[in-house]
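# Summary of the model geometry
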Amino acid sequence: MGNADSRSADLRTLAIHHGVDKDSAFNSVTTPIYPSSTFAFERVGVTKGYDYTRSANPTRAALQENLAALEGGTAAWATCTGMSAISSVAMLFKSGDHLISGDDIYAGTIRLLHDVLPGLGITTSFVRMGDPDEVRRAIRPNTRGMVIETPSNPLLNLVDLAAVIATARGHGILTIVDNTFMSPYFQNPLGFGADIVVHSTTKYLNGHSDVVGGAIVVKDAALGERVGYLVNALGTACSPFDAWLVLRGVKTLACRMEAHQANALAIARWLEQHPRVKKVYYPGLAAHPGYELARRQMRGFGGMVSFDLDLDQLTPDALFARLEYFSLAESLGGVESLVEQPWTMSHASIGEDRRRAAGFSPATIRLSVGIECVDDLIADLDRGLAAASR
Ligand SMILES: *Cc1c(COP(=O)(O)O)cnc(C)c1O
């Protein structure tokens, strides 16, 4: 099943089969875990394909084959966190290089680009990626990379991948797309010409909130070799056990994403008409400014919904205190529903100016809609929003 032909199968089939059957000893149907840190040589210079687990491991290799196929790439690397995937990719750049990034992307990525990389002589301009002209104006002679996240976090703004990537390619700029929010089930940036896709597998790909992990997927073989060299040199690869957990999670990606989306759409529509909700952000709503673009470049709208509370009527704390099924927690993409206030939680580490500029406020609430029964989730939100006002 690990053969090239199976790449042409549907993603739902690939997620379950590709790269999986690795046990020639006992023909187990699932991938064995090989926790061994080292592998014995047959004789000097001859191995059975593996020598040391930081460099390569059979369980991790199975996950990597699987993820490469799901994103339409030729190679993938599974890393120990989403941030380690992104920081490994950042090491493709060198002192004097300039990057362009969206201004409303994952806060940890902003921290890396804004606070860490300048120490290595790598600078970043943050722009509204949704505006192709603003992207074009930010390009300098030394611009080497572009970091794109779509939909963005927490307001779910869209970036036109075809347009922005075409601009980047015209200037020889490497494009890196964080596809965590959509997962390969709903969006494949490599198909729009992106050079590199990164994921926090912590989120939808694993989907069960029981592992932190990341992935890097590329199409070009030479770039793939360079990325693989960096992951080994930096030591950012994930453990065999974590690889096994993600591989298990990925098998249900398709049905989980369908369930997340169906619930999210129903909740977004329900919130839209609630008198204590001022605004709803979900790309699957016709009123969302990115709705037409979403229909063109994604195969679905995902499971993340944000909204602005009417703070004159209700405080976030009062809402959170009443919720039973939505846990007050950061992260996203697991089967269980989560709620958070980006202002004080997921995005607290970025400056207040930057948060205001991105367009959200203390009133903004972000939901990671799980796959519970949607009637129960709406009843929960209904009780929460009815909480005694301030
Ligand atoms: C969570 C997340 C990351 C970082 O992943 P970790 O696994 O927490 O290191 C990066 N990008 C996006 C969009 C995320 O949601």
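Look above for the structure.
Below is a summary of the structure that appears in this document. (Residues numbered from 1 in each chain as written. Predicted model: local features only at pLDDT ≥ 70, side-chain atom pairs only at ≥ 80, totals over all residues. Heavy atoms only, no water.)

One pass over the structure, following the stated rule, counts ten salt bridges. Residues D160 and R296 are paired through a salt bridge, measuring 3.9 Å at the closest nitrogen-oxygen approach. With D160 in the loop between β4 (143–149) and α6 (161–170) and R296 in helix α11 (residues 291–297), this residue pair connects regions lying 136 residues apart in the sequence. D160 gets classed as partly exposed once you look at its relative accessible area, which sits at 23%. The salt bridge involving R383 is made with E324; its shortest N-O contact spans 4.0 Å. Within this pair, whereas R383 is found in helix α14 (residues 374–385), its partner E324 is found in the loop between α12 (316–322) and β10 (327–328), the two being separated by 59 residues in sequence. Each of K94, D97 and R144 takes part in one network of salt bridges that share partners. (Salt bridge = Lys/Arg side-chain N within 4 Å of Asp/Glu carboxyl O. Helix = DSSP H or I, 4+ residues; strand = E, 2+ residues; numbered from the N terminus. Buried < 20%, exposed > 50% of the residue type's maximum accessible area, 1.4 Å probe, protein only.)

On to the site of the ligand, then. Residues in contact with the ligand amount to 14 residues; listed here are only the nearest, M83, D178, S200, T202 and K203. Within the contact set of the ligand, an oxygen atom lies 2.7 Å away from a side-chain nitrogen or oxygen of T202. Protein contact buries 92% of the 380 Å² of open area that the ligand shows by itself. If one sorts the elements of the shell around the ligand by residue count, helix α3 (residues 82–90) sits on top with three residues. Its residues assigned to classes, the shell around the ligand comprises five nonpolar, six polar and three charged. (Near = heavy atom within 4 Å. Polar contact = N/O pair within 3.5 Å; in protein donor to acceptor, adjacent residues only side chain to side chain. Areas by Shrake-Rupley, 256 points an atom, 1.4 Å probe, with all protein chains shown as cover. Nonpolar A, V, L, I, M, F, W, Y, C, P; charged D, E, K, R; others polar.)

Okay, the packing of aromatic side chains next. If you walk through the whole model with that rule in mind, you get six aromatic pairs. Ring centres of F39 and Y50 lie 5.8 Å apart, and the angle between their planes is 45 degrees; on these two criteria the pair is classed as tilted. Highlighted residues: F39 in the loop between α1 (11–17) and α2 (58–71) and Y50 in the loop between α1 and α2, separated in sequence by eleven residues. Given the relative accessible area of 18%, F39 is considered buried. Between F241 and W244 the ring centres are 6.0 Å apart and the planes differ by 20 degrees, which places this aromatic pair in the stacked class. (Phe/Tyr/Trp six-rings, centres within 6.5 Å; stacked < 30°, edge-to-face > 60°.)

Before going further, it helps to examine the pairing of strand β3 (residues 123–127). The element β3 is largely enclosed, with a buried count of four among its five residues. Relative to β3, strand β2 (residues 98–102) runs parallel, the two sharing five bridges. Considered in β3, the bridge of G102 is made with V127. Handedness of the crossover joining β2 and β3 through helix α4 (residues 107–116): right-handed. (Pairing = 2+ DSSP bridges. Right-handed = clockwise from strand over helix to strand, strands pointing away.)

Running from amino to carboxyl end, helix α10 (residues 253–272) crosses α14 at an angle of 30 degrees, the nearest separation of the two axes being 10 Å. The orientation of α10 with respect to α14, classified from their angle, is roughly parallel. For the pair α10 and α14, the sense of crossing is right-handed. Each of N263, A266, I267, W270 and L271 in α10 lies in contact with α14, whose residues at this interface are V374, L377, I378, L381, D382 and L385. Of the residues belonging to the contact of α10 with α14, the class tally is nine nonpolar, one polar and one charged. (Axes fitted to C-alpha atoms, helices over the stretch in contact; angles between N-to-C directions. Parallel < 35°, antiparallel > 145°, perpendicular 65-115°, else oblique. Left-handed = near helix turned anticlockwise from the far one by under 90°. Contact = heavy atoms within 4.5 Å.)

Time to look at the layout of surface pockets. In this structure, the largest pocket encloses a volume near 250 Å³. Around the largest pocket sit 19 residues that line it, and G82, M83, Y106, S200 and K203 are the ones nearest its centre. Tallied by class, residues from the lining of the largest pocket come to eight nonpolar, eight polar and three charged. (1 Å grid on protein atoms, 1.4 Å probe; cavity = no way out; pocket = protein on both sides within 12 Å on 5 of 7 lines; lining within 4 Å. Points joined across faces, edges and corners; volume = space filled by probe spheres on them.)

A cis amide bond links T150 to the next residue, P151, at an omega of -5 degrees. Looking at the secondary structure, you find P151 in the loop between β4 and α6. P154 follows N153 through a cis peptide bond whose omega is 10 degrees. By secondary structure assignment, the location of P154 is in the loop between β4 and α6. The backbone of N27 sits at a positive phi, close to 60 degrees, despite the residue not being glycine. In this fold, N27 is placed in the loop between α1 and α2. In this structure, S209 is a non-glycine residue whose phi angle is positive, near 55 degrees.

So, about the environment of D23. As for its placement among the helices and strands, D23 is situated in the loop between α1 and α2. Other than its neighbours up to four places away in sequence, D23 contacts S28 and P32. In this structure the side chain of D23 is engaged in a polar contact, spanning 3.1 Å, whose partner is the backbone nitrogen of A25.

Read these as layout, nothing more, since geometry by itself doesn't imply function.
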